[in-house]
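Chain residues, written in single-letter form:
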Amino acid sequence: MTIKVLITGARGFIAQSLLEEFKSNYKVICVGREELDLLDTQRVYKYIKNGQFDVVIHTANYDAAPAFTTKDPTKVLEQNLKMFFNIARCSGFFGKMLYFGSGAEFSRPHWVPMMTEDHFDTHIPADQYGLSKYIMTKYTEKSNNIYNLRLFAVAGELDDWRYRFISLACCKAVFDVPITFRQNVFFDFLYIKDLIDIVSWFINNEPKYNVYNVCRGKTCDYQSIAEKICQISGKNLAVNPQNPGLLQEYSGNNTRLLAELGQYKFTPMEESLRNILKWSEENRSSINPEKFAY
């Protein structure tokens, strides 16, 4: 029997990427706000009860971080929690729910390199976004069928090229624009195709835990990534951090995840950059350099 999957946040990068890969293997319904307002408690209840989904993948997110966003930063906590709990309260009507947490739930000022799942709850986030993810995890830890796939950084072809570092850097290379960034930092970037593989595993298997760090467990810094993009593209572009020094590393330990997946082979960074760069070149007509955030 074909697995029936509901994906929320239809316009988002992760939702679009999952839909593209999953539509040939699963019966996928991907909804945005127009199809299903996740803030409407009763409508969500009826939709999920009637849908009888095997898996709900909750990607919808209220994040006011991008400088150009029209979202209200004072509404982040309220909106994220209401969307999450409107779905979670329907847990008796679906097989399992997968959602994407964030390293922000560890509390940004207290990040350490390669954080394990046990680093959670050593501090409570002060920011609304991190606190919303923290509260979701506290609930998830006691759930029977809800799983937090905690992300740190994801990059891929359909990511928002206006401000997301790797996509923006690739687009800048395509348009011969110097690659600038606020300050150098080491991030644990996961390629979207690897995330899709991991999500598929969670769809088809029963995990031992409710919370997993979903990451490569390996870091790379902005400076090195930008230089690699220039090398792959054959462009001799300036790579300019606006401020000296390093920001706080943002990375996770994936030992728990790999114990479940087995010997998973992550896509090499150079290959993922090459793929994103190729996509940027092929889609340059839909990219407007005037909208680059920095």
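Student: Outline unusual backbone geometry, listing residues and values.
Tutor: With phi around 50°, glutamine 52 is a residue other than glycine that occupies positive phi space. With respect to the helices and strands, the residue glutamine 52 is situated in the loop between α2 (41–51) and β3 (55–58). Phi is positive for aspartate 176, close to 60°, though the residue is something other than glycine. Note that aspartate 176 resides in the loop between α5 (165–174) and β7 (179–184).

Student: Describe the pattern of salt bridges, with residues and values.
Tutor: In total, this model carries 13 salt bridges according to the counting rule given. Salt-bridge contacts for aspartate 160 lead to arginine 162; the nearest nitrogen and oxygen are separated by 2.7 Å. Owing to a relative accessible area of 28%, arginine 162 belongs among the partly exposed residues under this scheme. Salt bridges linked by common partners bring Lys228, Glu270 and Arg274 together as one network.

Student: So what's going on with the nonpolar core? Residues and values would help.
Tutor: By size, the foremost hydrophobic cluster in this structure holds 66 residues, and its most contacted members are Ile57, Leu195 and Val199. Setting aside residues up to four positions removed in sequence, isoleucine 57 forms contacts with Val5, Leu6, Ile7, Thr8, Leu18, Phe22, Leu98, Phe100, Val199 and Ile203. Within the second largest apolar cluster, 25 residues are counted, among which are Leu6, Val56, Leu81 and Met97.

Student: Talk me through the packing of aromatic side chains; I want residue IDs and the actual numbers.
Tutor: A full pass over the atoms with the stated rule returns 25 aromatic pairs. Both rings, one in phenylalanine 84 and one in phenylalanine 85, keep their centres 4.9 Å apart while their planes meet at 85°; by these two values the pair is edge-to-face. Measuring from centroid to centroid gives 5.5 Å for phenylalanine 187 and phenylalanine 189, while their planes differ by 35°, and the two rings are tilted. For the residue pair phenylalanine 187 and phenylalanine 189, the accessibility class agrees, reading buried in each case. Among the aromatic residues, those joined into a ring-pair cluster are Phe106, Trp111, Phe152, Phe165, Phe181, Phe187, Phe189, Tyr222 and Tyr250. One residue, lysine 4, lies across the ring of phenylalanine 53, its end atom 5.0 Å from the ring centre. One cation-aromatic arrangement involves arginine 284 over phenylalanine 175; the distance from NZ or CZ to the ring centre is 4.7 Å.

Student: Any details on α5? Residues and values, ideally.
Tutor: The element α5 is largely enclosed, with a buried count of ten among its ten residues. Taken as a whole, α5 has its buried residues at Phe165, Ile166, Ser167, Leu168, Ala169, Cys170, Cys171, Lys172, Ala173 and Val174. On its buried face, α5 sits against β6 (153–155), β7, β9 (189–191), α7 (222–233) and α9 (269–282). The positive-phi residue at the C-terminal boundary of α5 is aspartate 176, with phi of around 60°.

Student: Tell me about the packing of helix α1 (residues 13–22) against helix α6 (residues 192–204), residues and numbers included.
Tutor: In the contact formed by α1 and α6, the axes pass within 10 Å of each other and the chain directions differ by 70°. On the basis of their axis angle, the class for α1 and α6 is roughly perpendicular. For the element pair α1 and α6, the recorded crossing hand is right-handed. Residues Phe13, Ile14, Ser17, Leu18, Glu21 and Phe22 of α1 pack against Ile192, Lys193, Leu195, Ile196, Val199, Ser200 and Ile203 of α6. Taken together, the residues that form the contact of α1 with α6 break down as nine nonpolar, two polar and two charged.

Student: Explain the side chain of serine 251 residue by residue, including any values.
Tutor: Structurally, serine 251 is set in the loop between β12 (239–246) and α8 (255–261). Among the polar contacts listed, one links the side chain of serine 251 to the backbone nitrogen of methionine 114, at a separation of 2.7 Å. In this structure serine 251 touches Val112, Pro113, Met114, Met115, Phe152, Asp188 and Thr219, once residues within four positions along its chain are discounted.

Student: Give me the lowdown on the sheet that holds strand β10 (residues 211–214), citing residues and values where you can.
Tutor: Spatial ordering of the open sheet is given by β2-β1-β3-β4-β5-β10, a layout of six strands whose pairing is parallel. The sheet is open, and its two borders are formed by β2 (27–31) and β10, each paired with just one other strand. Sheet twist, expressed as the mean angle between neighbouring strand axes with direction ignored, is 20°. With four bridges connecting them, strand β5 (residues 146–151) and β10 associate as parallel partners. Across the sheet, leucine 149 pairs through a bridge with tyrosine 212, a residue of β10. Along the sheet, helix α4 (residues 128–140) makes contact with β4 (96–99), β5 and β10, crossing β5 at roughly 140°.

Reading the values: rules and limits
Residues numbered from 1 in each chain as written. Predicted model: local features only at pLDDT ≥ 70, side-chain atom pairs only at ≥ 80, totals over all residues. Heavy atoms only, no water. Helix = DSSP H or I, 4+ residues; strand = E, 2+ residues; numbered from the N terminus. Salt bridge = Lys/Arg side-chain N within 4 Å of Asp/Glu carboxyl O. Buried < 20%, exposed > 50% of the residue type's maximum accessible area, 1.4 Å probe, protein only. Core = buried A, V, L, I, M, F, W, Y, C linked by side-chain atoms within 4.5 Å. Contact = heavy atoms within 4.5 Å. Phe/Tyr/Trp six-rings, centres within 6.5 Å; stacked < 30°, edge-to-face > 60°. Lys NZ or Arg CZ within 6 Å of the ring centre and 35° of its normal. Axes fitted to C-alpha atoms, helices over the stretch in contact; angles between N-to-C directions. Parallel < 35°, antiparallel > 145°, perpendicular 65-115°, else oblique. Left-handed = near helix turned anticlockwise from the far one by under 90°. Nonpolar A, V, L, I, M, F, W, Y, C, P; charged D, E, K, R; others polar. Polar contact = N/O pair within 3.5 Å; in protein donor to acceptor, adjacent residues only side chain to side chain. Pairing = 2+ DSSP bridges.

Just geometry here; none of it tells us what the structure is for.
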